[in-house]
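This is what each chain is made of:
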Amino acid sequence: MLIGYARTSTLDQSAGLEAQERDLGGAGCEKTFTEQVSSVDVKARTQLEAALGYVREGDTLVVTKLDRLARSVSHLLEILKTLEEKGAALRILDMGIDTSTPTGKLMLTVLGGVAEFERAIMLERQREGIAKAKAAGKYKGRKPTAMAQSAEVIALHRDGVGATEIAKRVGIGRASVYRIIKVTG
């Protein structure tokens, strides 16, 4: 049985999710697991876990792209190990890779390493760009929203309103209320 897995990082990428589902259906997947969650948040990837739990001997897990499945080579190898232990394979449509063959396993490991390297280089460039922008005074970061409401928080606190109620009224987190109270007294 062919089992599909589709993922996008954010909720506003619904067109990307629909395209993945269409491609997986076109590849012959009889069942598809989908989710919209960041690849970094491994614990939130419940549908990936469900797909891996659903796979049986002789099945193939199908994804449209490698980056929809694994966040690193070690994560990819962990997924492959799980599939191998179950007697299942992995197929990546855009690469034409199928791990049911020795060549497919080799190619996947090599390409996974290249993808991880590419991501590390991209993140390094991003950090350099942010540092350069900060040095030029062009990157200020996110505007502090909770501290901008300090006066209102302190006034409510002095009126005897509790932290949870202050947080609701002002529209900030309860931890921010405590932080403001501690800092400004």
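Provided above is the structure to which this section pertains.
Residues numbered from 1 in each chain as written. Predicted model: local features only at pLDDT ≥ 70, side-chain atom pairs only at ≥ 80, totals over all residues. Heavy atoms only, no water.

Participant: Break down the packing of aromatic side chains for me, with residues and values.
Facilitator: Tallied over the full model, the rule gives one aromatic pair. The ring of F33 carries the charged tip of K31 above its face, separated from the ring centre by 5.1 Å. Of note, K31 hangs over the ring of Y54, and the distance from its end group to the ring centre comes to 5.5 Å. (Phe/Tyr/Trp six-rings, centres within 6.5 Å; stacked < 30°, edge-to-face > 60°. Lys NZ or Arg CZ within 6 Å of the ring centre and 35° of its normal.)

Participant: Go over a nonpolar patch on the surface with me, naming the residues and quoting the values.
Facilitator: There is a patch of nonpolar side chains on the surface, built from L106, V110 and V114 and spanning about 270 Å² of accessible area. Relative to the helices and strands, L106 is located in helix 4 (residues 102-135). L106 gets classed as exposed once you look at its relative accessible area, which sits at 53%. (Patch = residues over 30% accessible without salt bridge, like charges linked within 9 Å, V, L, I, M, F, W, Y side chains within 5 Å. Areas by Shrake-Rupley, 256 points an atom, 1.4 Å probe, with all protein chains shown as cover. Salt bridge = Lys/Arg side-chain N within 4 Å of Asp/Glu carboxyl O. Helix = DSSP H or I, 4+ residues; strand = E, 2+ residues; numbered from the N terminus. Buried < 20%, exposed > 50% of the residue type's maximum accessible area, 1.4 Å probe, protein only.)

Participant: So what about the packing of helix 6 (residues 163-170) against helix 7 (residues 174-184)? Which residues, and what values?
Facilitator: Running from amino to carboxyl end, helix 6 crosses helix 7 at an angle of 105°, the nearest separation of the two axes being 8 Å. When the axis of helix 6 is compared with that of helix 7, the two are roughly perpendicular. Two secondary-structure elements touch here, helix 6 through A163, T164, I166 and A167 and helix 7 through R174, V177 and Y178. In terms of residue class, the contact of helix 6 with helix 7 is made up of five nonpolar, one polar and one charged. (Axes fitted to C-alpha atoms, helices over the stretch in contact; angles between N-to-C directions. Parallel < 35°, antiparallel > 145°, perpendicular 65-115°, else oblique. Contact = heavy atoms within 4.5 Å. Nonpolar A, V, L, I, M, F, W, Y, C, P; charged D, E, K, R; others polar.)

Participant: Can you tell me about the pattern of salt bridges, naming the residues and giving the values?
Facilitator: In total, this model carries six salt bridges according to the counting rule given. The shortest N-O distance in the salt bridge between D23 and R22 comes to 3.6 Å. Judged by its relative accessible area of 35%, D23 is partly exposed. Residue R22 is classed as exposed on the basis of its relative accessible area, which comes to 56%. The partner of R91 in a salt bridge is D98, and the shortest N-O contact between them spans 3.6 Å.

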